[in-house]
Amino acid sequence: MARRKSYLEEFKRDAVDLVRSSKDRTLTDIAHSLGIHLETLRNWVRDDEARVRAADGGGEAGMTPDEKEELKRLRRENARLKEDNEILRKAAAYFARETTR
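Residues numbered from 1 in each chain as written. Predicted model: local features only at pLDDT ≥ 70, side-chain atom pairs only at ≥ 80, totals over all residues. Heavy atoms only, no water.

*Asks:* Which parts of the structure should I look at to understand the overall build of the protein?
*Replies:* A count of helical and extended segments in the protein gives 4 helices and 0 strands. Considering the protein as a whole, with its 101 residues, one finds that 11% of them fall into the buried category. Restricting the contact set of the protein to residue pairs at least 6 apart, pairs at least 24 apart contribute 36%. Counting every atom, the protein has about 8700 Å² of accessible surface; 53% of that belongs to carbon and sulfur. (Helix = DSSP H or I, 4+ residues; strand = E, 2+ residues; numbered from the N terminus. Buried < 20%, exposed > 50% of the residue type's maximum accessible area, 1.4 Å probe, protein only. Contact = heavy atoms within 4.5 Å. Areas by Shrake-Rupley, 256 points an atom, 1.4 Å probe, with all protein chains shown as cover.)

*Asks:* For this particular structure, what's the right way to read the packing of aromatic side chains?
*Replies:* Each pair of aromatic rings is reported with the distance of its centres and the angle of its planes. Tallied over the entire structure, the rule returns 4 aromatic pairs. Summarising the aromatic geometry, the rings of Tyr7 and Trp44 are spaced 5.1 Å apart at their centres and angled 80° between planes, so their arrangement reads as edge-to-face. One end of the pair, Tyr7, is in the segment before α1 (9–21); the other, Trp44, is in helix α3 (residues 38–55), and 37 residues separate them in sequence. Classification of Trp44 as buried rests on a relative accessible area of 10%. Taken together, a centroid distance of 5.9 Å and an interplanar angle of 90° make the contact between Phe11 and Trp44 edge-to-face. Of this pair, Phe11 sits in helix α1 while Trp44 sits in helix α3; the two residues are 33 residues apart in sequence, bridging distant segments of the chain. Aromatic ring contacts, followed pair by pair, group Tyr7, Phe11 and Trp44 into a single cluster. (Phe/Tyr/Trp six-rings, centres within 6.5 Å; stacked < 30°, edge-to-face > 60°.)

Written out as structure tokens, the structure is:
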């Protein structure tokens, strides 16, 4: 069974930054120069792209239609629950005023 190497997050970020900034070098060349497997570097770049998309709110691009529908449903439900919470908060404040008189 192969042992998995553990890399520091800083090393991963630096490797991804190197890929992004090196327009004239291939991914294979960069992986070889860093002494890591090509697929490892490719996974780091892919993970970083997903993280950036999610941070920008564009995380829906890689979702299946079912996942997008579920996300829409959950967002509607979340909005309704926030509204219910707000109503309950205002009611609690109102009744707290009534009991102190």
